[in-house]
Amino acid sequence: MKIKYKIALYYTLSATLMLVAFAVLAYYFSAKSRKAEYLERLEYRARSIANVIIEDGNVKVDLLRKLDRTTFQDLYKETILVYNPSYDLLYSNLKDTTIRTHPSLLDYIKENKLYSYDKGSGEVVGVYYTEGNVSVIVIVSSFDKYGFQNLQNLSQILLLELITAVIVLVGVGYFFARKMVQPIDQLVQQVDSINANNMQDTQVAVKGKDEIAKLGANFNTMLQRLSESFHLQKSFVSNASHELRTPLAAIISQLQVALSKDRSKEEYLVLLTSVLEDAENLSDLSNGLLQLAQSEMRQQEFVLGNVRIDELLMEMTTLIRLKQKTSSKVEIQFMKVPDNDLLVTCYGNENLLKVLFLNLIDNACKFSENNTAHVSIDFYTKHILVQIKDSGIGIPPDDINKIFEPFYRGQNALQIRGHGLGLSICKKIVQIHNGHITVTSNPEGGTTFSVILPHV
């Protein structure tokens, strides 16, 4: 069922139930008021009869008969019974009918002075009236013909009003439901026209400040993120394919040349050295792609624990020398001595943090003329600051905002071995650890990367 039909249905049902409740309450209180009013009227009638027939200490039944034959009786199907305290029937307006009133009822009236109840043929009221030394029991019963006719008319009017109201509610509910759902229909039509080809230049129209407008704004934000993700994915696949093709093509071409004819031992040695370099380059690229894929994982998917950043950085000298196979140097400096080991301890994944600092220090050594990276460690109230400096060629201002994108390399770094993956991996790892990474560079030489990580 469509939402607009559900809204119209729920609106109609709720309003109908409320109207039915009001109608039932109106009928109930009307019936209750009619009964109370008619019983009060019968009580007044009984007391009036008792007051009429008692005169000068005697019961004047003849006067009541005379009045009954003239204008005294004005109630529909009225029955009048008058008894003395000994339960002898003094008067009855019924003819040719045997009157039988149960003594227990007369006892109750005599004891409680008043009795009333509702029976199927009408209401009955009995009173015990005393004037001077004379007492009588008067029982009056009658059927409220006009009261029940009014209740019947009221029930017909209420039923007709309910039917009319339900018809109107269905129309009004459907009209307002269409108005309420119209922005959603428009949003659905706009979303239906969006695909991977036009996602970048398409947005849904957002009007107003209600929940639907908020949904449209959030959808636009999601659309923008998806567009950026698709763009990065296409760029990544294109760049990865190109980067993988280059060393593979070099290896294949060199091996084809080597197999074309017999060569000397020295020529084979040079050829194998060149192939080994291309294979190492391919291995570095594969490792970089794997690390980039791992850095895209969510924090919940990693094994986390307390990691001493200072001890981690101490291992970098050995790791850098193994990776570069050169006499690279890593100079580590503490800006101040920590009083507590927790000040230099980060809650994170040790392997990812090794990749982070290994990539940054490797770049610093690779771009420095003396193959030296200067590392400083500092700490503050809530975070650890690690800065890696080099004395290299620097980063041009136009490139500094793009260096964290996958496969992007500055124009002045194209001659140096690399694939442009290291810094993008570093940024992802820092984000996983809820930290920040920034870079400052002097175009004439020297670059500083600052990594801020929260400590435990």
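Residue numbers run consecutively from 1 along every chain, following the written order of its sequence. In keeping with the model being predicted, local features are shown solely for residues with a pLDDT of at least 70 and side-chain atom pairs are shown and tallied solely at 80 or more, while totals for entire chains, interfaces and linings include all residues. Hydrogens and water are ignored here; the side-chain numbers use all heavy atoms of the structure.

**Description of the overall build of the chain**
A tally of regular secondary structure across the chain gives ten helices and 14 strands. When a residue's accessible area, from a 1.4 Å probe over protein chains only, is under 20% of the maximum for its type it is buried; when over 50% it is exposed; and in between it is partly exposed. Burial analysis of the chain (456 residues in total) assigns 36% to the buried set. For the chain, the proportion of contacts with a sequence separation of at least 24, taken over those separated by at least 6, is 67%. Note on conventions: DSSP H or I runs of at least 4 residues are helices, E runs of at least 2 residues are strands, and numbering of each starts at the N terminus. Should any heavy atoms of two residues lie within 4.5 Å, those residues are counted as being in contact.

**Observations regarding the sheet that holds strand β4 (residues 89-92)**
Pairing is antiparallel in the open sheet, where five strands are placed in the order β4-β3-β7-β6-β5. Sheet topology places β4 and β5 (114-119) at the edges, where each strand pairs with a single neighbour. Ignoring strand direction, the axes of neighbouring strands in this sheet form an average angle of 15 degrees. One bridge is not enough; two strands pair if DSSP finds at least two bridges between them. Whenever a helix is involved, its axis is fitted only over the stretch in contact; in every case the axis is a line through C-alpha atoms, and angles between N-to-C directions fall within 0 to 180 degrees.

**Observations regarding the packing of helix α1 (residues 3-53) against helix α4 (residues 145-192)**
The N-to-C vectors of α1 and α4 enclose an angle of 160 degrees; their axes lie 8 Å apart at closest approach. Comparing the axis directions of α1 and α4 gives the class roughly antiparallel. Note on packing geometry: the crossing formed by α1 with α4 is right-handed. Roughly parallel refers to an angle under 35 degrees, roughly antiparallel to one over 145, roughly perpendicular to one between 65 and 115, and oblique to any angle outside these ranges. In this scheme the crossing of two helices becomes right-handed for a clockwise turn of the near helix relative to the far one and left-handed for an anticlockwise turn of less than a right angle.

**Topic: a nonpolar patch on the surface**
Residues form patches when they are more than 30% accessible in relative terms and have no salt bridge. Like charges link within 9 Å. Nonpolar side chains (Val, Leu, Ile, Met, Phe, Trp, Tyr) link within 5 Å. Areas reported here follow the Shrake-Rupley algorithm with a probe of radius 1.4 Å; residue values treat only the protein chains shown as occluding. Each reported salt bridge corresponds to a side-chain nitrogen of Lys or Arg within 4 Å of a carboxyl oxygen of Asp or Glu. A surface patch of nonpolar side chains, amounting to about 640 Å² of accessible area, comprises M1, Y5, L9, Y10, L13 and Y174. Looking at the nonpolar patch element by element, the count peaks at four residues for α1.

**Things to note about the sheet that holds strand β13 (residues 436-441)**
Strands pair in a sheet through their backbones, by hydrogen bonds, and they do so in one of two ways: parallel or antiparallel. Strand order across the open sheet formed by five strands is β9-β11-β12-β14-β13, with mixed pairing between neighbours. Looking at strand neighbours, the two that pair on one side only are β9 (329-334) and β13, the edges of this open sheet. Pairs of neighbouring strands in the sheet enclose a mean axial angle of 20 degrees, with direction left out of account. Judged from the six bridges that link them, β9 and strand β11 (residues 372-379) form a sheet pairing that is parallel. Across the sheet, residue V330 finds its bridge partner in β11, namely A373. Across the sheet, helix α9 (residues 350-367) is in contact with β9, β11, β12 (383-390), β13 and β14 (447-454); its angle to β12 comes to roughly 25 degrees. Across the sheet, helix α10 (residues 422-432) is in contact with β13 and β14; its angle to β13 comes to roughly 140 degrees.

**Comments concerning the nonpolar core**
Grouped together as the largest cluster of nonpolar side chains are 43 residues, with contacts concentrated most on I309, L313, L356, F357, L360, I361 and F449. When residues of this core are traced back to their parent elements, those giving at least two are α7 (309-314), α8 (316-324), α9, β11, β12, α10, β13 and β14. Ranked by residues supplied to this core, first place goes to α9 with ten residues. If near-sequence neighbours (up to four positions away) are discounted, I361 is found in contact with L313, M316, I320, V330, A373, V375 and I388. Membership of the second largest hydrophobic core comes to 21 residues, among which are Y38, A46, V82 and V134. Among the buried residues, those of types Ala, Val, Leu, Ile, Met, Phe, Trp, Tyr and Cys that are joined through side-chain atoms within 4.5 Å form a nonpolar core.

**Some details on the pattern of salt bridges**
All chains considered together, the criterion is met by ten salt bridges. Residues R34 and E123 are paired through a salt bridge, measuring 3.0 Å at the closest nitrogen-oxygen approach. Taken together, the residues span a long stretch of sequence, with R34 in helix α1 and E123 in strand β6 (residues 122-131) at a distance of 89 residues. Both residues of the pair, R34 and E123, count as buried.

**Here's the deal with the UniProt feature "transmembrane region" (unreviewed entry) in the chain**
UniProt positions are given in the numbering used here, feature names are shortened, and annotations may be inferred rather than shown by experiment. This chain's UniProt record puts "transmembrane region" (unreviewed entry) on residues 7-29 and 157-177. Secondary structure content for residues 7-29 is 100% helix and 0% strand, while the C-alpha to C-alpha distance between its ends is 33 Å. Here residues 157-177 runs as 100% helix and 0% strand, with 29 Å between its end C-alpha atoms.

**Comments concerning the environment of S141**
As for its position among the elements, S141 is in strand β7 (residues 134-142). S141 gets classed as buried once you look at its relative accessible area, which sits at 11%. Residues S141 and G126, spaced 15 residues apart in sequence, show a C-alpha to C-alpha distance of 8.5 Å.

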